Amino acid sequence: MSQHGVGPRAVTRSVAFLTAGVLAVPALAGCGSEDPAGKPLAAPDIQPAARDKITDGGTLRWAVDSVPDTLNTFQSDADATTTRVAQAVLPSMFRMDASGRPERHPAYLESAKVVETEPKQVVLYKLDQQAVWSDGREIGAADFAAQWRALSGKDTAYWTARNAGYDRIQKIERGDSALEVRVTFSRPYADWRSLFSPLYPKDVMGTPDSFNDGARKKLKVTAGPFLVEKVDTEDERITLARNPRWWGEPAKLSTIELRTVPRDKRAAELAAGTLDLAEIDPAAARRITLAARPHSSSSPLMGPGADRTAADALRSWAVANGTDDDAADEETVARKKLRKAAAKYARQQKALRGYEVRKSLEPAFTQLALNGAEGPLADERVRRAVARALDREELAEVVLEPLGLPAVPVGSHLALSGQAAYADNSGALGHQDTEEAQALLADAGWVRGGSVEEQKKKGDKEEKAAGGEGEPADGSAGAQEDHKGQRQAQDGHLAQDGKQYKHPHPGGAPGAYAPRGTAAPANQEAAPFAKNGKPLTLRFVLPSGPGSRTLRTVADRITRMLQRVGIGTEISKVSDESYFKDHIASGQYDLALYSWPATAYPATDARPVYAKPVPAADGSLSVEQNYTRVGTDQVDQLFDEAVATLDEGKARSLIRKADSRIWAAAGSIPLFQRPQLLAARKNLANAGAFGLATPVYEDMGFLKKSAKPASGPSVKGSTAR
């Protein structure tokens, strides 16, 4: 998950007013001949090159957010670096193509298909005859069986984060040869391709002790183009080296170093030449872009002193040469510091000319979450009014257009454009309509106008108690921020992530990029709505750290959209560390921004995100990952039907129906796909912004001096061979 965004595939996803008779859901997209899934909004940007154009050898220094606490992706404290290591060193039966759809991994599988459906579903895997673990043992049924037993959920001694899919397996056995694995399911399972990716050796999965602790800081046995050579927790880096037993195309790189570098330090590390690849924020991307321009180019000033006007410079000179000796000395020291900082910045800019920005869209989307557990948002009509107040196109544009990325709102909760299950079902809720939003509020018993002065004062007190940084409840401070101008728009940071498992960006982690934009037209607010003498005011919880600056800008835009309808907000800033755990997960908010990653298996991965909360044995409410607390029996039923059908067309139709009803319930409003910006050394090929695709690690490397990359940002979403 990401606080501007959250996430499902490495994590384990009540509306009284909504009934079939009350709400007519529009006809689903996709009933015609045209595929509603469409194409990805942005292709991978990896500078593709044929393998014969790439030098043999070399080290790729790749920035990560942390050395993970575990190398076992099935544990709750796994993070994005865990996944990155697993992709490079472990088998995966299926990987994602450029459209975010699963494809057979040819290095491991000759084929995999459902060979029986009655009386039980049976999947037959035919493994590549050369597939072996790094210790020389063949990959086989024993490894599949060990992973199934560990993740089935039957043995609680295994500390697993999830068992979805594995709990539906009845038995695993060897086929007609050692290269065949037969998996028999106790219940039909549509998402069987999600299993055994990654596949760990039986040495890791065989016992609870080896599962729980054996793969935390080492992986002795692997089966990918690379192996884990060293995990250095003191130097905060992981070294991956070529696997001499790898049977596929040999890795071009000798080693990959995954180095922990804080995001706000990456521009400096790139300039120092200590990194070759790093995910960056828009401010760093702008620096690299400007560094590549000719000196004669007219570009906005950046760096120390860039915001000083001629009047500022004249005043500084006057003070430094004035009669007040103390003031003159102080100003002289400040001027020297500024010159030193400017000179350092100039040197860094020169060094950054060796890099370029590669950009795409992440396999994740940012959403506005509406907590339907209590308060005004427990009424579906109020949630729908909030949704109808939003101009999602404007929010997508303010985030993505300055980055040169497609500014298209996300139309599904359960897939992204290009993925098989995608269809734009937002029509089930409707587009921005102020009059309709106000009519919904009126129908819910809210009345335009009324005395709210006492409530405003109370709201101010609550805002201060919540740790607000001087921002008034009506969001006007955010509006003033927007007036600082477009120059600052490019300096925004990523918003945060908040995940059930340990996210790669803990605390102030980035989420979606949200550059500051121009201020909304003044005096456009409608008279506030009230009921029983109380104003309709929603608590909008936001993280306060510098890495979430742009998240707050997006929230400010939303606040002003709500004001124009007559809905008030109280901005409550909280620490990055407590934002997700103490507020989102615990339900202490009305409105919040976070993200979910896309998944090729929504029937499995998205169900816990949208499942109807149910009372737990201790009397509490079990919400799984449904932090909006909004769900319906109908949506749950559609998920259950989709995961149990082996007809792929029918399964997609059921998922799209579920998505339409999720839209109609208005518990969360998808906004935009998150941008993905990476700084890459110019001669680095087959690496960068991978978009929806799984990286191909063996093809990464540095171009030969005489070689030129293939034209375009990508070749069929993968690498050129």
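Here the residue index of a chain counts from 1 through its sequence in written order. The predicted origin of the model limits local features to residues at a pLDDT of at least 70 and limits the giving and counting of side-chain atom pairs to 80 or more, whereas totals for whole chains, interfaces and linings rest on all residues. Processing note: side-chain calculations cover all non-hydrogen atoms of the structure and skip hydrogens and water entirely.

Asker: Just to check I follow, could you spell out the sheet that holds strand β13 (residues 447-448) for this structure?
Answerer: Read across the open sheet, the 3 strands follow the order β13-β14-β15; overall the sheet is antiparallel. The open sheet has two edge strands, β13 and β15 (534-535), and neither has a second partner. Should DSSP find at least two bridges between two strands, the strands are regarded as paired. Secondary structure elements follow DSSP: runs of H or I of four or more residues count as helices, runs of E of two or more count as strands, with numbering from the N terminus.

Asker: What is the right way to look at the packing of helix α6 (residues 282-291) against helix α8 (residues 325-351) in this model?
Answerer: Describing two packed helices takes the angle between their axes plus the distance from one axis to the other. Inter-axis angles, ranging from 0 to 180 degrees, are taken between N-to-C directions of lines fitted to C-alpha atoms, where helices are fitted over the stretch in contact. For the pair α6 and α8, the least separation of the axes is 8 Å and the interaxial angle reads 75°. When the axes of α6 and α8 are compared, the pair comes out roughly perpendicular. Judged by residue contacts, Arg287, Leu290 and Ala291 of α6 engage Tyr345, Gln348 and Gln349 from α8. Under the convention adopted here, Pro, Cys and the residues Ala, Val, Leu, Ile, Met, Phe, Trp and Tyr are nonpolar, Asp, Glu, Lys and Arg are charged, and Gly plus all remaining residues are polar. Along the lines of polarity and charge, the residues of the contact of α6 with α8 split into 3 nonpolar, 2 polar and 1 charged. By definition in this entry, angles of less than 35 degrees are roughly parallel, angles greater than 145 are roughly antiparallel, angles of 65 to 115 are roughly perpendicular, and the rest are oblique. By definition, residues are in contact when any of their heavy atoms lie within 4.5 Å.

Asker: Please explain the packing of aromatic side chains as it appears in this structure.
Answerer: Any pair of aromatic rings gets described here by the distance separating the centres and the angle formed by the planes. A pair of aromatic rings is counted whenever rings of Phe, Tyr or Trp (Trp by its six-membered ring) have centres within 6.5 Å, and the orientation is called stacked for planes under 30 degrees apart, edge-to-face for over 60 and tilted otherwise. Evaluated as defined, the whole model comprises 19 aromatic pairs. An angle of 90° between the planes, with centres 6.0 Å apart, marks the rings of Tyr125 and Phe196 as edge-to-face. Taken together, the residues span a long stretch of sequence, with Tyr125 in strand β5 (residues 122-127) and Phe196 in the loop between β7 (180-185) and α3 (202-205) at a distance of 71 residues. One exposure class covers both Tyr125 and Phe196, and it is buried. Buried, partly exposed and exposed residues are distinguished by accessible area as a fraction of the type maximum, computed with a 1.4 Å probe on protein chains only: under 20%, between the cut-offs, and over 50%, respectively.

Asker: I'm lost on the sheet that holds β7 in this one. Help?
Answerer: Adjacent strands of a sheet pair through backbone hydrogen bonds, lying either parallel or antiparallel. If you trace the 4 strands from one edge of the open sheet to the other, you get β4-β5-β7-β6, paired in antiparallel fashion. The open sheet terminates on both sides in strands that have one partner only, identified here as β4 (109-116) and β6 (169-174). Across this sheet, the average inter-strand angle for adjacent strands is 15°, counted without regard to direction. Judged from the 6 bridges that link them, β4 and β5 form a sheet pairing that is antiparallel. Its bridge partner being in β5, Ser111 is matched across the sheet by Lys126. In the packing of helix α2 (residues 141-151) onto the sheet, the strands contacted are β5, β6 and β7, and the crossing angle to β6 comes to about 160°.

Asker: How do you make sense of the environment of Arg51 when you look at a structure like this?
Answerer: Structurally, Arg51 is set in the segment before β1 (59-64). A relative accessible area of 10% places Arg51 in the buried class. Throughout this description, a polar contact denotes any pair of N or O atoms lying within 3.5 Å of each other; where both atoms belong to protein, one of them has to be capable of donating a hydrogen while the other can accept it, and for residues adjacent in sequence the pair is counted only when both atoms sit in side chains. Here the side chain of Arg51 touches Glu698 through a polar contact of 3.1 Å, landing on its backbone oxygen.

Asker: Just checking my understanding: could you explain the nonpolar core for this structure?
Answerer: Most often, soluble globular proteins keep nonpolar side chains buried together rather than apart. Nonpolar cores are built from buried Ala, Val, Leu, Ile, Met, Phe, Trp, Tyr and Cys residues. Side-chain atoms within 4.5 Å join them into one set. Ranked by internal contacts, the top residues of the largest apolar core, which has 109 residues, are Met93, Tyr125, Phe196 and Leu240. Among the elements that take part in this core, α2 stands out by supplying 7 residues, more than any other. Not counting residues up to four positions away in its chain, the partners in contact with Phe196 are Pro91, Ser92, Met93, Tyr125, Phe144, Gln147, Tyr166, Ile169, Ile172 and Val183. Leu370, Ala428, Leu441 and Trp663 belong to the second-largest nonpolar core, a separate cluster that totals 62 residues.

Asker: What should I look at first to understand helix α15 (residues 576-584) in this one?
Answerer: Think of an α-helix as 3.6 residues a turn; residues three or four steps apart then line up on the same face. Turning to α15, its buried residues number three or more, namely Asp576, Ser578, Tyr579, Phe580, His583 and Ile584. The secondary structure elements touched by the buried residues of α15 are β16 (537-543), β17 (568-574) and β18 (591-597).

Asker: Sorry if this is basic, but what is going on with the pattern of salt bridges here?
Answerer: Salt bridges are defined as contacts in which a side-chain nitrogen from Lys or Arg sits within 4 Å of a carboxyl oxygen from Asp or Glu. All told, the structure shown has 33 salt bridges when counted by the stated rule. We note a salt bridge from Arg557 to Glu394, for which the minimum N-O separation is 3.0 Å. A residue pair is termed long-range when its members are at least 10 positions apart, and Arg557 in helix α14 (residues 549-565) and Glu394 in helix α10 (residues 392-400) qualify at 163 residues. Of the residues examined, Glu394 reaches a relative accessible area of 23% and is grouped as partly exposed. Across the salt bridge formed by Arg560 and Asp556, the nearest N and O atoms sit 2.7 Å from each other. Residue Arg560 and its partner Asp556 are both found in helix α14; the two are separated by 4 residues, about one turn of the helix. Comparing Arg560 with Asp556 shows no difference in burial state: the two are buried.

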